[in-house]
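Coordinate inspection notes
What follows is each chain in one-letter form.
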Amino acid sequence: MNSPQANNILAALPGAELDKFASKLRPVKLELGAIVYSPDDKIEHVYFPTSGVVSLLAAFEDGSTVEAGIIGSEGIVGTPVVLGADFTPHQALVQADGEALKMTASDLRVALQNDGLLLAVLLRFTNSLFTQVAQTAGCNRAHTLEQRLARWLLLTHDRVKQNEFTLTQEFLSRMLGVRRAGVSVAANTLREIHAIDYRRGKVMVLDRQGLERASCECYQVVKDEYDRLFKK
């Protein structure tokens, strides 16, 4: 159900505040592979996912991309608007299909002027997203591809809330910024320890704890930051 309560930011608002805010929200589908916004396009709408996953991708001149962060029902797609910007150099791409509640960027700006609690929650989320982006950059430099893949699968698993999800090698190679052959080797390593199964474009998480052991510390750093966000 595409309910505001399914998004952690919206669920953190008191009922009366959410009721006023909800009148500006419109339900939309998030379809796998859809582009939510492109680099340097003006951000006309923001999205509060209630299910599914959206990836933020750094795009390069040769057309290649690498994932900088992912957003699910814990957050908002469109954080530049929260910070007063209209544009971003990143691409937002649906990584796992689902649903979201959409509102215009202009309506969000008005709401932020009138609701200090909404602004506070959104800024805390934005700070947590920055932590994820920074940790991802460090992880891509310091850790093995198997560790990076395990981290990525854990973050995705947290957000899709099911043990099986669609994931092709081509999509993974874009997310991790490596060749498909590298993705195949890393996925086989995780499969050999029975942490996952991977076939026909589907990933099945078989052993969550095994996947956590295969990951680097970066997953836990990011998770701890998000957990602190909603304990406030």
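A brief structural summary. Values in this document were obtained by computation on a predicted structure and should not be read as measured data. (Residues numbered from 1 in each chain as written. Predicted model: local features only at pLDDT ≥ 70, side-chain atom pairs only at ≥ 80, totals over all residues. Heavy atoms only, no water.)

1. Some words on the packing of aromatic side chains
Tallied over the full model, the rule gives two aromatic pairs. Aromatic side chains Phe21 and Phe48 sit 5.8 Å apart centroid to centroid with 85° between the ring planes, which places their arrangement in the edge-to-face category. Remark: Phe48 occurs in strand β3 (residues 45-49) and Phe21 occurs in helix α2 (residues 15-22); sequence separation between them is 27 residues. By relative accessible area, which is 6% here, Phe21 ends up buried. (Phe/Tyr/Trp six-rings, centres within 6.5 Å; stacked < 30°, edge-to-face > 60°. Helix = DSSP H or I, 4+ residues; strand = E, 2+ residues; numbered from the N terminus. Buried < 20%, exposed > 50% of the residue type's maximum accessible area, 1.4 Å probe, protein only.)

2. Digging into the sheet that holds β3
Strand-to-strand pairing in sheets goes through backbone hydrogen bonds, with the strands running parallel or antiparallel. The three strands lie next to each other as β1-β7-β3, forming an open sheet whose pairing is antiparallel. The sheet terminates laterally at β1 (26-30) and β3, the two strands that pair on one side only. Averaged over all pairs of adjacent strands, the angle between strand axes in this sheet comes to 40°, irrespective of strand direction. Alignment of β1 against strand β7 (residues 98-104), held across five bridges, turns out to be antiparallel. Among the inter-strand pairings, Arg26 is bridged to a residue of β7, identified as Lys102. (Pairing = 2+ DSSP bridges. Axes fitted to C-alpha atoms, helices over the stretch in contact; angles between N-to-C directions.)

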